[in-house]
Amino acid sequence: MEGERLASPARSSGLPAGGAGGESPGVDAPLLGSSGSSTLLQAEVLDLDEDEDDLEVFSKDASLMDMNSFSPMMPTSPLSMINQIKFEDEPDLKDLFITVDEPESHVTTIETFITYRIITKTSRGEFDSSEFEVRRRYQDFLWLKGKLEEAHPTLIIPPLPEKFIVKGMVERFNDDFIETRRKALHKFLNRIADHPTLTFNEDFKVFLTAQAWELSSHKKQGPGLLSRMGQTVRAVALSMRGVKSRPEEFMEMNNFIEVFSQKINLIDKISQRIYKEEREYSDEMKEYGPIHILWSASEEDLVDTLKGIASCIDKCSKATEKRMSGLSEALLPVVHEYVLYSEMLMGVMKRRDQIQAELDSKVEALTYKKADTDLLTEEIGKLEDKVECANNALKADWERWRHNMQNDIKSAFTDMAEENIQYYEQFCMSFLPLFYPRNGRPPDTPCIPTDKKPRPGEIKQLL
């Protein structure tokens, strides 16, 4: 495995402005128990027609949704329980900054893979230094995600980008694909760093600070293969058995997840289709401008007009490229991240049901079994505490996730709307000189300085 460096000297790179998963103030998430909460997204945010053709989008890595890593272990210390349940009282003080950059290709006789540099800067006392620099590959991120799910089965773990992509869309090690993954991995780690419970996970600390051999040794610790297989078999058996009576609040939560998953997947497909069509339009526009330049060479009477059209097309092409950049950087990643979140939420609900199913099975065994009643009663007491802890953790994290989701989606669509307004204003400004060649505006209209950016509504006034 690739080499890594620990506790490098301070570098000139600045601290990031904030974590990817930080909460934005000003928007209150509705309570889960409010009427119509299961259809909130359908009514207010994601109200779209469903009869859309399927499109090629990113494939889903089956390993990301593998629930066989379920572990019944739950934090038992009072501090861990408080960290899981009490989110609202946490101070908004950031003391952990993480940057993922400098992807590097590694070629061996067995495989080819990409590693990413991870720089961590912190003021926490439990860290041995204030700055760490390591290199990690995608498999290491998968390991971290699995360990977080084992330690906190009913917390909402941020999603990882998929391991592979749809056939033929882009090459596996294409520069654009690597950069897209780097941004997603950066957001993944910063969402964990901003989480009030996950940020103090020991495996997360090891991931950020350990050298290559230390991380490899740490991965070998924990339950052996047979123990993990036993946990997997038990988890599968409990999931097949099902839950007799899921609490009403979790029924509402499950209904919301189903509606959300349906709508966000539809938005993802539509967004990908819009981007694909806009890309084709932009490529054609780039070829259209030079044609008018060539045409002007053979039309002496239309030279100025044709060159003016070519200039307008060139300006429109640049404006379209800018809008495409905003679409690919601001909207598409946010929408697709919440597609992955919807899958993660289904996994969280499944793990919660497994914990409750284990309690139900013990209660049923106590009903029909006369022997070892004391032992079963003790186990039931422990499982009841475990179920209560899991439920409280999920309810608290659910409200936090809902708040972040609404802010993220609202911000993404608002930014995209502003980008579109600017695009069409620039588009109109590009063509005004064609209709009014003397001064580029209709008569009896105020002059807008060329170095001044037009405000919304000025273009409408001009036209």
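Each chain carries its own residue numbering, running from 1 in the direction its sequence is written. Only residues with pLDDT of at least 70 get local features here, since the model is predicted, and only at 80 or more are side-chain atom pairs given and counted; chain-wide, interface and lining totals rely on the full set of residues. To obtain the side-chain values, all non-hydrogen atoms of the structure were used and water was disregarded.

(A) Here's a closer look at the overall build of the protein. For the protein, the helix and strand inventory stands at 11 helices and three strands. Strands are runs of DSSP state E lasting at least 2 residues, helices are runs of H or I lasting at least 4, and numbering of each runs from the N terminus. Sequence-ordered secondary structure for the protein, helices as α and strands as β, is α-α-β-β-β-α-α-α-α-α-α-α-α-α. Out of the 463 residues belonging to the protein, those deemed buried represent 43%. Long-range pairs, those at least 24 residues apart, make up 80% of the contacts in the protein with a sequence separation of at least 6. A total accessible area of about 25000 Å² is found for the protein, and carbon and sulfur atoms account for 54% of it. To sort residues, take the accessible area from a 1.4 Å probe on protein chains only and compare it with the maximum for the residue type: under 20% means buried, over 50% means exposed, and anything in between is partly exposed. Any pair of residues with heavy atoms lying within 4.5 Å of one another is described as a contacting pair. In these tables, accessible area is a Shrake-Rupley quantity obtained with a 1.4 Å probe, and a residue counts as shielded only by the protein chains included in the view.

(B) Looking closely at the nonpolar core. Within the largest apolar cluster, 32 residues are counted, with the highest numbers of intra-cluster contacts made by Ile98, Ile118, Phe141, Leu144, Leu189, Phe204 and Phe207. It is helix α4 (residues 175-194) that provides the largest number of residues to this core, a total of six residues. Leaving out residues up to four positions away in the same chain, leucine 189 has contacts with Ile98, Val100, Ile118, Phe141, Leu144, Phe204 and Phe207. To form a nonpolar core, buried Ala, Val, Leu, Ile, Met, Phe, Trp, Tyr and Cys residues must be joined to one another through side-chain atoms within 4.5 Å. The next biggest cluster of nonpolar side chains, apart from the first, holds 26 residues, and it includes Ile257, Met349, Trp401 and Met416.

(C) A look at the packing of helix α8 (residues 248-296) against helix α9 (residues 303-368). At a closest axis distance of 7 Å, the pairing of α8 and α9 adopts a crossing angle of 160 degrees. Classed by the angle they form, the pair α8 and α9 counts as roughly antiparallel. The handedness of the crossing between α8 and α9 is left-handed. Residues that form the contact of α8 with α9 fall into these classes: 29 nonpolar, 14 polar and eight charged. Helix axes use the C-alpha atoms of the stretch in contact, all axes being lines fitted to C-alpha atoms, and the angles between their N-to-C directions lie in the range 0 to 180 degrees. For classification purposes, angles smaller than 35 degrees are called roughly parallel, those larger than 145 roughly antiparallel, those between 65 and 115 roughly perpendicular, and all remaining angles oblique. Handedness of a crossing is defined here by the sense of rotation of the near helix relative to the far one, left-handed for an anticlockwise turn of less than a right angle and right-handed for a clockwise turn. Note on residue classes: Ala, Val, Leu, Ile, Met, Phe, Trp, Tyr, Cys and Pro are nonpolar, Asp, Glu, Lys and Arg are charged, and everything else, Gly too, is polar.

(D) Quick peek at a negative patch on the surface. Residues forming no salt bridge and having over 30% relative accessible area are the ones grouped into patches, like charges within 9 Å of each other and nonpolar side chains (Val, Leu, Ile, Met, Phe, Trp, Tyr) within 5 Å. The salt bridge definition used is simple: a Lys or Arg side-chain nitrogen within 4 Å of an Asp or Glu carboxyl oxygen. Residues scored as charged are limited to Lys and Arg (positive) and Asp and Glu (negative), so that His and the chain ends carry no count. Taken as the charge centre is NZ of Lys, CZ of Arg, CG of Asp or CD of Glu, depending on the residue. A cluster of acidic residues, Glu277, Glu280, Asp283, Glu284 and Glu287, forms a negative patch on the protein surface. Within the fold, glutamate 280 resides in helix α8.

(E) Focus on the packing of α4 against α9. Look at α4 against α9: their axes get within 12 Å of each other, and the N-to-C directions meet at 60 degrees. By the criterion of interaxial angle, the relationship of α4 to α9 is oblique. The handedness of the crossing between α4 and α9 comes out as right-handed. Across the interface between the two elements, Lys183, Lys187 and Arg191 from α4 touch Glu329, Val334, Glu337, Tyr338 and Tyr341 from α9.

(F) Structural detail: the pattern of salt bridges. One pass over the full model with this rule turns up 23 salt bridges. Ionic pairing is found between glutamate 378 and lysine 382, a salt bridge with its closest N-O pair at 3.7 Å. With glutamate 378 and lysine 382 both in helix α10 (residues 373-435) and four residues apart, this pair spans about one turn of that helix. Given the relative accessible area of 47%, glutamate 378 is considered partly exposed. Accessibility expressed as a relative area gives 55% for lysine 382, which makes it exposed. A single network of salt bridges, built from pairs that share partners, joins Asp101, Glu102, Arg117 and Glu133.

(G) Broad picture of helix α5 (residues 202-209). In terms of burial, α5 is a largely internal element, six of the eight residues being buried. Elements that come into contact with the buried residues of α5 comprise β1 (96-107), β2 (112-122), β3 (131-137), α3 (138-151), α4 and α6 (212-219). Capping the start of α5 is the job of one residue whose side-chain oxygen sits 2.8 Å from the backbone nitrogen of aspartate 203: asparagine 201. Polar contact is the term for a pair of N or O atoms within 3.5 Å; when the atoms are in protein, one must be able to donate a hydrogen and the other to accept it, and sequence-neighboring residues count only if both atoms are side-chain atoms.

(H) Broad picture of the sheet that holds β1. In spatial order, the strands read β1-β2-β3; together these three strands make up an open sheet with antiparallel pairing. Edge positions in the sheet fall to β1 and β3, since each has one partner strand and no second. Strand-to-strand, the axes of this sheet are offset by a mean angle of 20 degrees, without reference to chain direction. Two elements, β2 and β3, share seven bridges in a ladder whose sense is antiparallel. Residue pairing across strands places arginine 117 opposite arginine 135, the latter belonging to β3. α5 contacts β1, β2 and β3 of the sheet and is inclined by roughly 90 degrees relative to β3. Here a strand pair is declared whenever DSSP counts at least two bridges between the two strands.

(I) A look at the pairing of β1. Here β1 pairs with β2 via 10 bridges, running antiparallel. If you follow glutamate 104 over to β2, its bridge partner there is threonine 115. Hairpin connection of β1 to β2: four residues between the antiparallel strands.

(J) Region of the structure containing the packing of aromatic side chains. Any pair of Phe, Tyr and Trp rings, taking the six-membered ring for Trp, is counted once the centres come within 6.5 Å. Such a pair is stacked with planes under 30 degrees apart, edge-to-face with planes over 60 apart, and tilted for the rest. A full pass over the atoms with the stated rule returns 12 aromatic pairs. Each ring, one from phenylalanine 141 and one from phenylalanine 207, has its centre 5.0 Å from the other, and the planes form 70 degrees; the classification is edge-to-face. Of the two residues, phenylalanine 141 is situated in helix α3 and phenylalanine 207 in helix α5; the sequence distance between them amounts to 66 residues. Residue classification places phenylalanine 141 among the buried residues on the basis of a relative accessible area of 0%. Classification of phenylalanine 207 as buried rests on a relative accessible area of 0%. When the ring of tyrosine 423 is compared with that of tyrosine 424, the centres are 4.9 Å apart and the planes differ by 70 degrees; the resulting orientation is edge-to-face. Grouping aromatic residues by their ring pairs yields a cluster made of Phe256, Phe260, Tyr338, Tyr341, Trp398 and Trp401. For a Lys NZ or an Arg CZ to count as sitting over a ring, it must be within 6 Å of the ring centre and within 35 degrees of the ring normal. Above the face of the phenylalanine 113 ring, arginine 137 is positioned so that its terminal group lies 3.9 Å from the ring centre.

(K) Here's a closer look at unusual backbone geometry. A positive phi is found at glutamate 102, a non-glycine position, where the angle reads about 45 degrees. Of the residues examined, glutamate 102 reaches a relative accessible area of 44% and is grouped as partly exposed.

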